[in-house]
Each structure stands twice: as C-alpha cells, then as structure tokens.
Amino acid sequence: MPTRGPTPLTPSFRVTRATYQPVAVTAGANTAEAGRSIDDNELTHWASDGVPANAWIEYRFDSPVALNALDLKLVGWRSRAYSLSITLDGREVWRGETERSLGYAHVTFPAARGQVLRIRQVAAVADVDAFGKVVELSSARQSGDTGADQVAPGWRLAIVEADFHGAAPPAR
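Every value quoted in this text rests on a predicted model; they were computed, and no experiment measured them.

Digging into the overall build of the protein chain
Reasoning step 1: On a plain count of helices and strands, the protein chain comes out with one helix and eight strands.
Reasoning step 2: Helices and strands in the protein chain line up, N terminus first, as β-β-β-β-β-β-β-α-β.
Reasoning step 3: Across the protein chain, the fraction of contacts at a sequence separation of at least 24, relative to all contacts at a separation of at least 6, is 79%.
Reasoning step 4: For the protein chain, the accessible area works out to roughly 9900 Å², and carbon and sulfur atoms hold 51% of it.

Put into structure tokens, the structure is as follows:
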C-alpha cells in the first residue's frame, strides 16, 4: 500500500487576490432586501423596482479598498446581459454589458481605490436564452434557479450574489 510523505513546510498554493466584504448596502429601491445581494445564499436575491432611476445598488466598505474585479451572479444569468456602469467613489471604473453565463459574470477593471462602489443599470434588459434551456439538475432548488421567472426583464437590476476583489496583499 502506498504511503504519503510528510506535509510540506511551504504553502501548496499562492494567494492571487483579496476579497472584501461591504459593511453596508443601500439601493434605489427595495433597500430592506439589498443585503440579500451579499448574503452568500444562492436562493435569495435583491431586485430594483422597474423604474430606471432606481436601478442601482451601492456597497460601502469600512475603509478605502483597492478593487480590480467583481464577480456578479445576476438574476437570469443564462438569458440576460445587463448593461451596467460601475463607479468607485463616483469615478466610473467599468461600463459595459455582462455576458450571459452559466453562473457568475466576471467583471475586471484597472485597479482603483475607494470606499463606495455603485452598480447602476444603464439600459433595459431582455430575455434571450444563450444556452438552449439546459437543465443541469432535476429541480430549481438543486440547480440554483436563475430567478428569471420571478423578476421581469426591463429596468430591473437584480443580483443574486456580488463579490468584490482586489490584488493579493504583498507576501510577508
């Protein structure tokens, strides 16, 4: 029977990014539910109310952070591409359309430092299935339903989960 050697004295991985957690979340609509966008529960979400001026959500960090990427799981991720503007302390760091995906949209931008990140929808969305209604598991609960049936398209920014990333801290 093969045996294993001793545990290596050095790490078997290299940290490539830091993840930051906001301390407060507010939104243009349904503010009481805005925290659902960072609750680490894939079965909950936050959505705006369909009014274009209210299609935004804002995340506040306890101190300035250096960010260069977001991972966004958006409601209807298979069928919706969201046109977004992302600002950090009022400076736009990214503008574009998220890709339809089988999960998270990864948004990267040049590193920027700030304390308040805002995601704003800048155009209406429509449902266009990009994956042919693929069924991965037998129930919505097992597969993490995309929520597209619960949140109408249009001017409804809807986020299942948002994660905030920056460069890894320097090694010691």
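After presenting the structure, the write-up continues.
Digging into the confidence of the model for the protein chain
Reasoning step 1: For the protein chain, per-residue confidence averages 87 on the pLDDT scale, and 84% of positions sit at 70 or higher.
Reasoning step 2: Per-residue pLDDT, averaged within each element of the protein chain, yields its smallest value for helix H1 (residues 140-143) (46) and its largest for strand S2 (residues 24-27) (98).
Reasoning step 3: Here residues 139-144 is a poorly scored stretch, pLDDT under 50, and it has six contacts once near neighbours within four places are set aside; other chains count.

Remarks on the nonpolar core
Reasoning step 1: By size, the foremost hydrophobic cluster in this structure holds 34 residues, and its most contacted members are Leu117 and Ile119.
Reasoning step 2: The element that contributes the greatest number of residues to this core is strand S4 (residues 56-74), accounting for eight residues.
Reasoning step 3: Not counting residues within four places of it along the chain, the set of residues in contact with Ile119 comprises Ala55, Trp56, Ile57, Tyr59, Leu70, Leu72, Leu84, Ser85, Ile86, Leu157 and Ile159.

Some words on unusual backbone geometry
Reasoning step 1: One non-glycine residue with positive phi stands out, namely Asn30, at about 50°.
Reasoning step 2: Classification of Asn30 as partly exposed rests on a relative accessible area of 35%.
Reasoning step 3: Although it is not a glycine, Asp89 adopts a positive phi angle of roughly 50°.
Reasoning step 4: Mapped onto the elements, Asp89 comes out in the loop between strand S5 (83-88) and strand S6 (91-97).

A word on the packing of aromatic side chains
Reasoning step 1: Inspection of the entire model under this criterion finds two aromatic pairs.
Reasoning step 2: Taken together through their ring pairs, the aromatic side chains of Tyr59, Phe61 and Phe164 make up a single cluster.
Reasoning step 3: Over the face of the ring belonging to Trp56 we find Arg118, whose NZ or CZ atom lies 3.8 Å from the ring centre.

A look at the environment of Asn54
Reasoning step 1: Looking at the secondary structure, you find Asn54 in the loop between strand S3 (46-47) and S4.
Reasoning step 2: Spatially, the C-alpha atom of Asn54 lies 4.2 Å from that of Gly28, the residues being 26 residues apart in sequence.

Looking at the pattern of salt bridges
Reasoning step 1: In the structure shown here, the tally under the stated rule is four salt bridges.
Reasoning step 2: Where Lys73 meets Glu42, a salt bridge forms, and the shortest distance between an N and an O atom there is 2.6 Å. Of this pair, Lys73 sits in strand S4 while Glu42 is found in the loop between S2 and S3, placing the two residues 31 residues apart along the sequence.
Reasoning step 3: The partner of Glu92 in a salt bridge is Arg95, and the shortest N-O contact between them spans 3.0 Å.
Reasoning step 4: Judged by relative accessible area, Arg95 falls into the partly exposed class, the value being 48%.

Some details on empty space enclosed by the protein
Reasoning step 1: Taken as a whole, this structure holds one cavity of 30 Å³ or more when the rule is applied.
Reasoning step 2: Taken as a whole, the largest cavity encloses approximately 40 Å³ of empty space.
Reasoning step 3: Looking at the lining of the largest cavity residue by residue, the class counts come to five nonpolar, three polar and two charged.

Some words on the pairing of S4
Reasoning step 1: Alignment of S2 against S4, held across four bridges, turns out to be antiparallel. By the bridge assignment, Val25 is partnered in S4 with Tyr59.
Reasoning step 2: Pairing of S4 with strand S7 (residues 105-123), which is carried by 12 bridges, proceeds in the antiparallel orientation. Bridged to Trp56 within S7 is Arg120.

Rules behind the numbers
- Residues numbered from 1 in each chain as written.
- Predicted model: local features only at pLDDT ≥ 70, side-chain atom pairs only at ≥ 80, totals over all residues.
- Heavy atoms only, no water.
- Helix = DSSP H or I, 4+ residues; strand = E, 2+ residues; numbered from the N terminus.
- Contact = heavy atoms within 4.5 Å.
- Areas by Shrake-Rupley, 256 points an atom, 1.4 Å probe, with all protein chains shown as cover.
- pLDDT = per-residue confidence, 0-100.
- Core = buried A, V, L, I, M, F, W, Y, C linked by side-chain atoms within 4.5 Å.
- Buried < 20%, exposed > 50% of the residue type's maximum accessible area, 1.4 Å probe, protein only.
- Phe/Tyr/Trp six-rings, centres within 6.5 Å; stacked < 30°, edge-to-face > 60°.
- Lys NZ or Arg CZ within 6 Å of the ring centre and 35° of its normal.
- Salt bridge = Lys/Arg side-chain N within 4 Å of Asp/Glu carboxyl O.
- 1 Å grid on protein atoms, 1.4 Å probe; cavity = no way out; pocket = protein on both sides within 12 Å on 5 of 7 lines; lining within 4 Å.
- Points joined across faces, edges and corners; volume = space filled by probe spheres on them.
- Nonpolar A, V, L, I, M, F, W, Y, C, P; charged D, E, K, R; others polar.
- Pairing = 2+ DSSP bridges.

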